[in-house]
Amino acid sequence: MDKISFYPYFYVKDLVGRVASAIFSFIWIFYAPNVLGHPENYIRANPMPTPPHIVSEWYFLPIHAILRSIPDKSGAVAAIAPVFICWIGCQPVEAPFVTIGQIPPFVFFLFFAIMPIPGRDIGTLYFILGAIARVMGTCFSVLIRMELARPGDQILGGNQQLYNVLITAHAFLMIFFMVIMVVATKSLAPISPTLVEVGSGTGWTVYPPLSGITSHSGGAVDSAISSLHLSGVSSILGSINFITTISNMCGPRMTMHRSPLFVWSVPVTAFPLLLSLPILAGEITMLLTDRNFNTTFSDPAGGGDPILYQHLFRFFGHPEVYIPILPGSGIISHIVSTFSGKPVFGYLGMVYAMISTGVLGSLVWAHHMFTVGLDVDTCAYFTAATMFIAVPTRIKIFSWIATVGGGVQYKTPMLFAVGSIFLFTIGGLTGIVTANSGLDIALHDTYYAVAHFHYVLSMGVVFALFVGFHYWVGKSFGRTYPETLGQIHFWITSFGVNPTLFPMHFLGLSGMPRRIPDYPDAYVGWNALSSFGSYISVVGIHCFFVVVTITSSSRNNKTCAPSPWAC
């Protein structure tokens, strides 16, 4: 059977990309100066110092993310022209056209916006972006744990706004750029809310009325909304890229039912992402108009409803939490099969379990909203659906366990795979606990919820990313990684993240609320242990970068064979 031609779809995608680039470029160039402003116009908020002025060439960073997603370089050049003209028009008359300090970043921007990048290097760029985001996000998390190491005011001096800004920045970096880098997010824009005025202390959900103009009157939340728009655009384009590549570039006689499970996991991930991101774009656009154009989508005084925002966000947000899990499960399936020397047990069941996870993950969004006052029937449905979604997840876990048998080689990728399965199972079991609406009402705003989603994302998914790195790093660098250091990295990381997160279950069951930088003396012991574990995790990160450095630069380790893991 002849393959379907996707060239018309690529043409439409290119056309939409060009139009969106031009429109967004005009909007951003005129809007960004009003957001960032000048230092003398900033409202000083003690005890935080006034942030430094954001220089004008930084305005090009979000535009760069869109231009990089345009495959046709003539379109990128055409989009640059109006941007450049608008930038000239925004310059003060008495200021020089381009100062010496602005020349290097401007040339850098033009060079990378036009220069083509080979496809084989894109994966390396994703890895570099994820590594940078992980370091930055970990720095924020360590600051949070340093503040919570003891009761009372510690390093932040009692500034609760700054504490919530750190939480927001940590969540944006880890969720959108450390984890979802596997589905093509390509800008560092979410760090911008921490650089504007007093920062965005809304959390990664950006719920109104906390994100409204009365609670955050500056430009930080507007910058956060713009960053989420950019992340969504690049993720949509990346999802289209993955779907069309898998659909149109399979080898001869390579049907989907013969494809590896990792290949299956990519379209199962990309389709929910492609369908849910427009929902995110719509609801944050409604929030943006509430803040700047006096609409009342989230204001009950004008006929709006803040719960509507939560429904829209969670309709995007719950498929989004399964987006990083599915590629991770595909990676683990590949590694478990390789190091066990046998095919994955129940291949067809694994395929339909992943599809079921992607579908059911879009139908249980309101289990994050039991505390808003849902009626009994709605709570009953979402409780049952949430418990039912555990079935395909457990099918995958039992298939992995059945695949592992005698003669398993416990190299570094296999160690991380086993660790990911174990830790993800713990996170799933705590999710079954919070699936009960009655229990969730008591535990939702406590550290029990923090422990749950960190065990799923920070442990299960991040360990799966380490699995993929150690398994395929030879294909990127051409040399094998140091096995001993890789295993040391695994054990240090395991002994770091577990003491950090597991005590949070007990803190949550004891009633310690989250997003508050102080607590009674009764919680001292578990918080001290959690903070100590975070310091060990930093040592694990350093060990990981030692592995990367030795692998990429040392000539003493072995050259990678064409099939390094072949038995």
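If you're wondering where the values come from, they're calculated on a predicted model, not measured in any experiment. (Residues numbered from 1 in each chain as written. Predicted model: local features only at pLDDT ≥ 70, side-chain atom pairs only at ≥ 80, totals over all residues. Heavy atoms only, no water.)

Student: Just checking my understanding: could you explain a nonpolar patch on the surface for this structure?
Tutor: The grouping of Leu143, Met146, Ile155, Phe502, Phe506, Leu509, Trp526, Leu529, Phe532 and Tyr535 at the surface amounts to a nonpolar patch, some 880 Å² of accessible area in total. Elements with a minimum of two residues in the nonpolar patch: α5 (119–148), α17 (483–509) and α18 (524–553). Within the element layout of this structure, Met146 appears in helix α5. (Patch = residues over 30% accessible without salt bridge, like charges linked within 9 Å, V, L, I, M, F, W, Y side chains within 5 Å. Areas by Shrake-Rupley, 256 points an atom, 1.4 Å probe, with all protein chains shown as cover. Salt bridge = Lys/Arg side-chain N within 4 Å of Asp/Glu carboxyl O. Helix = DSSP H or I, 4+ residues; strand = E, 2+ residues; numbered from the N terminus.)

Student: Even after reading the chapter, I still don't get empty space enclosed by the protein, so can you show me in this structure?
Tutor: If you roll a probe as big as a water molecule over the atoms, it shows you where there is empty space left. Applying the stated criterion across every chain, the model contains 7 cavities of 30 Å³ or more. Here the largest cavity defines a volume of roughly 100 Å³. Elements represented by at least two residues in the lining of the largest cavity include exactly α10 (325–340), α13 (390–403), α14 (412–435) and α16 (447–477). Of the residues forming the lining of the largest cavity, the biggest block, 4 residues, is contributed by α10. A class-by-class count of the residues in the lining of the largest cavity yields 7 nonpolar, 4 polar and 1 charged. (1 Å grid on protein atoms, 1.4 Å probe; cavity = no way out; pocket = protein on both sides within 12 Å on 5 of 7 lines; lining within 4 Å. Points joined across faces, edges and corners; volume = space filled by probe spheres on them. Nonpolar A, V, L, I, M, F, W, Y, C, P; charged D, E, K, R; others polar.)

Student: What is the right way to look at the packing of aromatic side chains in this model?
Tutor: Geometrically, a pair of aromatic rings is defined through the distance of the ring centres and the angle of the planes. Evaluated as defined, the whole model comprises 23 aromatic pairs. Note on Tyr309 and Phe313: the rings are 6.2 Å apart at their centroids and 15° apart in plane angle, and the pair reads as stacked. Here Phe313 and Tyr309 lie together in helix α9 (residues 306–322), a separation of 4 residues that amounts to about one turn. Overall, Tyr309 belongs to the buried group, its relative accessible area being 2%. (Phe/Tyr/Trp six-rings, centres within 6.5 Å; stacked < 30°, edge-to-face > 60°. Buried < 20%, exposed > 50% of the residue type's maximum accessible area, 1.4 Å probe, protein only.)

Student: Honestly, unusual backbone geometry in this entry has me stumped. Any pointers?
Tutor: Trans is the common state for peptide bonds, and a negative phi is the common state for residues other than glycine. In this model, Pro208 is joined to Pro209 through a cis peptide bond whose omega is 5°. Of note, Pro209 is situated in the loop between α6 (160–179) and α7 (220–248). Positive phi, normally seen in glycine, also occurs at Arg515, with a value near 65°. In this fold, Arg515 is placed in the loop between α17 and α18.

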